[in-house]
Amino acid sequence: MPNEERNLSHGLTLTGRQALSVTGVTDVSAFDEAEIAMETSLGTLTVRGERLHVEKLSLDRGELTLTGEIQSLDYDDTPAARGGLLSRLFG
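All values derive from a computational prediction rather than experimental measurement.

Draft legend 1. Structural detail: the confidence of the model for the chain. Confidence along the chain averages 85 in pLDDT terms, with 77% of residues attaining 70 or more. Between residues 1–6, whose pLDDT stays under 50, and residues either more than four places distant or in other chains, the model counts six contacts.

This is the structure:
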């Protein structure tokens, strides 16, 4: 499975700091109104802001769309230590 995850094409589309579409998403490790952390094929991406809301999530397709006031995007190449939120809930 790790080889399959690395084959997902990762991309970002930010529209007016109010909407973000992300491809290459393999897991969502945390989310609330101030922060959304996700594993992508290029590392952990953390989005910070206010009133963040996940509009669409499809891990099968590797897509996530969110809205809100986006203040920062931060990448970390270190893999998540405990696994993602969804894998902990359903694993």
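Draft legend 2. Region of interest: the sheet that holds strand β1 (residues 11–15). Pairing within the open sheet is antiparallel, and its six strands lie in the order β1-β2-β6-β5-β4-β3. A single partner strand is all that each edge strand has here, and the edge strands are β1 and β3 (25–31). The sheet shows a mean angle of 35° between the axes of neighbouring strands, direction not considered. The pairing of β1 with strand β2 (residues 19–23) spans five bridges and is antiparallel. If you follow T13 over to β2, its bridge partner there is S21.

Draft legend 3. Examining the pattern of salt bridges more closely. Inspection of every chain in the model, using the stated rule, returns five salt bridges. For R51, the salt bridge is made with E50, and the minimal N-O distance between the two is 3.5 Å. Relative accessible area serves as the criterion here: at 37%, E50 is assigned to the partly exposed category. Across the salt bridge formed by E63 and R61, the nearest N and O atoms sit 3.5 Å from each other. Taken together, the shared-partner salt bridges in this structure form one network comprising E50, R51 and E69.

How each quantity is defined
- Residues numbered from 1 in each chain as written.
- Predicted model: local features only at pLDDT ≥ 70, side-chain atom pairs only at ≥ 80, totals over all residues.
- Heavy atoms only, no water.
- pLDDT = per-residue confidence, 0-100.
- Contact = heavy atoms within 4.5 Å.
- Pairing = 2+ DSSP bridges.
- Helix = DSSP H or I, 4+ residues; strand = E, 2+ residues; numbered from the N terminus.
- Axes fitted to C-alpha atoms, helices over the stretch in contact; angles between N-to-C directions.
- Salt bridge = Lys/Arg side-chain N within 4 Å of Asp/Glu carboxyl O.
- Buried < 20%, exposed > 50% of the residue type's maximum accessible area, 1.4 Å probe, protein only.

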